[in-house]
Amino acid sequence: MQMKDTNAPHRAERPPMHFGGPAGTLLLMLALPALVYYLWISVHYHGGALVVPRSLEDVRRLVGLIPLPTPRAVFMVGTWLLLQGLLQVLAPGPVVYGTPLRDGSRLPYRMNGWFAFWFTLGLAALAVWMGWVPATALHEEFGPLLSTANLFCFVFSLFLYFYGRATAPTDPRTGHPVYDYFMGTALNPRLGRFDFKFFFESRPGLIAWVLIDLSLAAAQLERHGTISTPMLLVCAFQILYVADYFFHEPAILTTLDIRHEHFGFMLCWGSAVWVPFTYCLQAYYLVTHPHELPLWATMGIVMLNLVGYYIFRSANLQKHRFRTDPQARIWGRPPEFLETARGTRLLLSGWWGLARHANYLGDLIMALAWCLPCGGGHLLPYFYVIYFAVLLIARERRDHRMCQARYGADWDAYCARVRWRIVPWIY
Ligand code: NDP
């Protein structure tokens, strides 16, 4: 049966440009990789103090610290992508269908991330136990791995640019090469059943992030003979976040990225470089700062993380369940919703009746809990929560504009009912 087209743009036309168009996206592609190197150099060479270059010579010295890919790093990244790719194709897991596409069809996705995650962790533990790889390998090789992953994403996005144009000629594009390279030229580029966007959204980046954290904990143990409570907290919180993602993997099918974003440099680099190489900054910082926390602070941070997790997970699940089973009760009552002219329903119950993106609020509270264990000595470990607040505020505004374009007056009616953007009664 053909289902109603809920994914089509409001009007069949060139999509509007975001991020400042071609100039803005070009700037982002230059600035963001530079920022990741800057953060790494600050934490690796300066103990977490933000380096302020005062002369051209200082800048040259900083640039000179950017490592080239090494054969070991290239081997590690290649093996990693191959392993995760094979797991995506071969590991057991149910097939779940995505939301309807423009032509009414629905794409199948094999949900085997839970298996792939634990299998990879088990394999890594075995490799360390058997002495095939030192536990600190990812810490030792961090710089060259970052350079290799960067290069891979720039080249792979070029492939995506041409592949999308060739295989999805009707997907809306601006026609501007730089902008389309950044945003992607196809919504769902696939090779047979292998979905590039679904794969890169999680597998190589999220699992690598966890392994990097563990390698950083091993580096702390090697240097100081102990793993501190802050390191344990950061690793535990982030492992919980990633494990939770894979446990609820089908929920990604109703997110903005899968439903509406094309797959290009932005999502590829964001998932495979930005996430694993910057989200581990707190653990990286703790390698050289093995302080301890009083019990009250530890308990407070754990509570904060649990509150954030509850809001984040329950909000995302409410929307996902509602979209897959509109009768499912929310907070003990049948859901209220607004029926749009496009055929999609907008939820008005639960978190989605309190704020338009309460899921972002939960994520932000967790982000704070991941930074607090690092104490007050430096600003750098707080980079994550600061950046995340900027990202999510900008993301909410962008999603708002996209929903306005998609739903027109229906979106305005929804916003009149649900006034708050992210934090109920505040913002
Ligand atoms: P959402 O999952 O919030 O999805 C937004 C989409 O949901 C909208 O475009 C709209 O699409 C639909 N929608 C909006 N309002 C409603 C409603 N009331 N009822 C039903 N559907 C609605 O967006 P994200 O993908 O940004 O976020 C998903 C999660 O991922 C969040 O928890 C976020 O914090 C997290 N995240 C984490 C990042 C990280 O780096 N750790 C980065 C980005 C996000 P439509 O109606 O067309 O389906």
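Figured I'd write up the structure that's included with this text. (Residues numbered from 1 in each chain as written. Predicted model: local features only at pLDDT ≥ 70, side-chain atom pairs only at ≥ 80, totals over all residues. Heavy atoms only, no water.)

### Let's talk about the packing of helix α8 (residues 196-224) against helix α9 (residues 229-247)
The relative placement of two packed helices comes down to the angle between their axes together with the axis-to-axis distance. Here α8 crosses α9 at 160°, and the two axes come no closer than 10 Å. Classed by the angle they form, the pair α8 and α9 counts as roughly antiparallel. Two packed elements cross with a definite hand, and for α8 against α9 that hand is left-handed. For the pair formed by α8 and α9, the contact residues are Ser202, Arg203, Leu206, Ile207, Trp209, Val210, Asp213, Leu214, Leu216, Ala217 and Gln220 on the first element and Met231, Cys235, Gln238, Ile239, Tyr241, Val242, Tyr245 and Phe246 on the second. In terms of residue class, the contact of α8 with α9 is made up of 14 nonpolar, three polar and two charged. (Axes fitted to C-alpha atoms, helices over the stretch in contact; angles between N-to-C directions. Helix = DSSP H or I, 4+ residues; strand = E, 2+ residues; numbered from the N terminus. Parallel < 35°, antiparallel > 145°, perpendicular 65-115°, else oblique. Left-handed = near helix turned anticlockwise from the far one by under 90°. Contact = heavy atoms within 4.5 Å. Nonpolar A, V, L, I, M, F, W, Y, C, P; charged D, E, K, R; others polar.)

### Re the packing of aromatic side chains
Taken as a whole and judged by the stated rule, the model has 49 aromatic pairs. Geometrically, the ring pair formed by Phe117 and Phe246 is stacked, given 5.6 Å between the ring centres and 25° between the ring planes. Here Phe246 lies in helix α9 and Phe117 lies in helix α4 (residues 113-129), a separation of 129 residues in the sequence. Assessed through its relative accessible area of 0%, Phe117 is described here as buried. Since its relative accessible area comes to 2%, Phe246 is described here as buried. Stacked on the ring of Tyr109, the Lys or Arg Arg190 has its end atom at 4.9 Å from the ring centre. One residue, Arg419, lies across the ring of Trp420, its end atom 4.6 Å from the ring centre. (Phe/Tyr/Trp six-rings, centres within 6.5 Å; stacked < 30°, edge-to-face > 60°. Buried < 20%, exposed > 50% of the residue type's maximum accessible area, 1.4 Å probe, protein only. Lys NZ or Arg CZ within 6 Å of the ring centre and 35° of its normal.)

### Things to note about α8
In an α-helix there are 3.6 residues to a turn, and that puts residues three or four apart on one side. With 29 residues, α8 ought to run about 42 Å at 1.5 Å a step, and its terminal C-alpha atoms sit 41 Å apart, in line with that. Counted residue by residue, α8 has 24 buried out of 29 residues, so it is predominantly covered. By the N-cap criterion, in which a side-chain oxygen at the helix start approaches the backbone nitrogen of a residue two or three places on, α8 is capped by Asp195, the distance to Lys197 being 3.1 Å. The first or second residue beyond α8 is Gly225, which carries a positive phi of 70°. (Expected span 1.5 Å × (residues − 1). Polar contact = N/O pair within 3.5 Å; in protein donor to acceptor, adjacent residues only side chain to side chain.)

### Quick notes on the site of the ligand
As a matter of local geometry, the ligand sits amid 26 residues, with Tyr279, Arg323, Tyr360, Asp363 and Tyr407 nearest to it. Taking Asn316, its side chain carries an N or O atom lying 2.9 Å from an oxygen atom of the ligand. Interatomic distance of 2.9 Å between a backbone N/O atom of Leu347 and a nitrogen atom of the ligand. Burial of the ligand by the protein amounts to 92% of the accessible area it has alone, namely 920 Å². (Near = heavy atom within 4 Å. Areas by Shrake-Rupley, 256 points an atom, 1.4 Å probe, with all protein chains shown as cover.)

### Some words on the environment of Gly375
For Gly375, the position within the fold is in the loop between α15 (358-371) and α16 (383-407). Accessibility expressed as a relative area gives 24% for Gly375, which makes it partly exposed. Once the C-alpha coordinates of Gly375 and Arg102 are considered, the two residues, 273 residues apart in sequence, prove to be 49 Å apart.

### Some points on the pattern of salt bridges
Pairing between side chains becomes possible if they bear opposite charge and their charged atoms approach one another. Inspection of every chain in the model, using the stated rule, returns 13 salt bridges. Arg60 serves as the salt-bridge partner of Glu57, at 3.2 Å between the closest nitrogen and oxygen. With Glu57 and Arg60 both in helix α2 (residues 56-64) and three residues apart, this pair spans about one turn of that helix. A relative accessible area of 40% means that Glu57 is categorised as partly exposed. Among the salt bridges present, the one from Asp244 reaches Arg313, with a minimum N-O distance of 2.7 Å. Of this pair, Asp244 sits in helix α9 while Arg313 sits in helix α13 (residues 295-324); the two residues are 69 residues apart in sequence, bridging distant segments of the chain. Residue class for Asp244 comes out buried when judged on its relative accessible area of 5%. Classification of Arg313 as buried rests on a relative accessible area of 9%. Each member of the salt-bridge network shares a partner with another, and the members are Arg72, Glu140 and Glu141. (Salt bridge = Lys/Arg side-chain N within 4 Å of Asp/Glu carboxyl O.)

### As for the packing of helix α3 (residues 71-90) against helix α6 (residues 142-167)
Axis separation between α3 and α6 bottoms out at 8 Å; the angle between their running directions is 55°. In terms of orientation, α3 and α6 fall into the oblique class. Along this stretch, α3 crosses α6, giving a crossing that reads as right-handed. Note on element contacts: α6 touches α3 through Pro144, Leu145, Thr148 and Phe152, opposite Ala73, Val74, Met76, Val77 and Leu81. Looking at side-chain class alone, the contact of α3 with α6 contains eight nonpolar, one polar and no charged residues.

### Some remarks on empty space enclosed by the protein
Counting across every chain of the model gives one cavity of 30 Å³ or more. Empty space within the largest cavity amounts to approximately 60 Å³. Lining the largest cavity are ten residues; nearest its centre among them are Gly98, Thr99, Leu101, Tyr109 and Ile258. A per-class count over the lining of the largest cavity returns five nonpolar, four polar and one charged. (1 Å grid on protein atoms, 1.4 Å probe; cavity = no way out; pocket = protein on both sides within 12 Å on 5 of 7 lines; lining within 4 Å. Points joined across faces, edges and corners; volume = space filled by probe spheres on them.)

### Details of unusual backbone geometry
Notably, Trp331 is not glycine yet its phi reads approximately 50°, a positive angle. If you trace the backbone, Trp331 turns up in the loop between α13 and β5 (337-339). Residue Trp331 is classed as partly exposed on the basis of its relative accessible area, which comes to 47%. For Trp425, which is not a glycine, the phi torsion comes out positive at approximately 65°. Locating Trp425 in the fold gives a position in the segment after α17 (409-417). On the basis of relative accessible area, Trp425 is assigned to the exposed category, the value being 63%.

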